[in-house]
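Here is what each chain is made of, one letter per residue.
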Amino acid sequence: MQIPIRVAYQETDGQRRVHHANYLNYFERGRVEMLRELGISYRQLEDDGILLVVTEMNLQYHAAAEFDDVLTLTTEAIEVRPVRVKHRYRIHRDDDLIVQAWSTIAAVNREGKPCRLPPRMRELARAAERSS
């Protein structure tokens, strides 16, 4: 799944480059939009007591993105388990790879204890995994 991102001024540092921490926000946006594209409401998951938490995040920076650049974020489910999903992200500016990353997202209940992902989410995430 791909979405465009235009770099906002407040996302940059004193050199007009995207501050490294903002990539995490981009990845969150990618996961939420991926769920939306699959017909799953992140808001409804939370209302139902299922919270998705980041348990692991790995990033590799390849180039700098700057204020007003238009980037393309690709988000893919690469592994689906009963309680967690692993994602891969790639951000490009045209043909240039800016950053790539991998995350593990786990489902927990309101008490913070691991819980199973809803069956529909596992099925749809697996379909996305197969198509990536």
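So, how was this worked out
Residues numbered from 1 in each chain as written. Predicted model: local features only at pLDDT ≥ 70, side-chain atom pairs only at ≥ 80, totals over all residues. Heavy atoms only, no water. Buried < 20%, exposed > 50% of the residue type's maximum accessible area, 1.4 Å probe, protein only. Helix = DSSP H or I, 4+ residues; strand = E, 2+ residues; numbered from the N terminus. Pairing = 2+ DSSP bridges. Expected span 1.5 Å × (residues − 1). Core = buried A, V, L, I, M, F, W, Y, C linked by side-chain atoms within 4.5 Å. Contact = heavy atoms within 4.5 Å.

Section: the pairing of strand 1 (residues 2–6)
Two faces, one strand: in a regular strand the side chains alternate between the faces of the sheet.
Moving on, step 1. Residue alternation in strand 1 divides its side chains into a buried set, I3 and I5, and an unburied set, Q2, P4 and R6.
Moving on, step 2. Note: strand 1 against strand 3 (residues 70–80), five bridges, orientation antiparallel. Across the sheet, the residue bridging to I5 is L71, located in strand 3.

Side note on helix 1 (residues 22–37)
Since the α-helix turns once every 3.6 residues, residues separated by three or four places project in the same direction.
Moving on, step 1. Between its first and last C-alpha, helix 1 extends 23 Å over 16 residues, near the 22 Å set by a 1.5 Å rise per residue.
Moving on, step 2. Listed in full, the buried residues belonging to helix 1 are N22, Y23, Y26, F27, G30, R31, M34 and L35.
Moving on, step 3. Phi turns positive, to about 85°, at G39, one or two residues after helix 1.

Remarks on the nonpolar core
Moving on, step 1. The biggest cluster of nonpolar side chains holds 32 residues, and the ones touching the most others in it are Y23, Y26, F27, L52 and I91.
Moving on, step 2. When contributions to this core are tallied by element, the ones reaching two or more residues are strand 1, helix 1, helix 2 (42–47), strand 3, strand 4 (84–93) and strand 5 (96–108).
Moving on, step 3. Not counting chain neighbours up to four residues away, the residues in contact with I91 comprise Y23, Y26, F27, L71, T72, L73, D96, L97, I98 and V99.

Looking at the pairing of strand 3
Moving on, step 1. Two elements, strand 3 and strand 4, share eight bridges in a ladder whose sense is antiparallel. Residue A77 lies in a different strand from strand 4, and its bridge partner there is H87.
Moving on, step 2. Connecting the antiparallel pair strand 3 and strand 4 is a turn made up of three residues.

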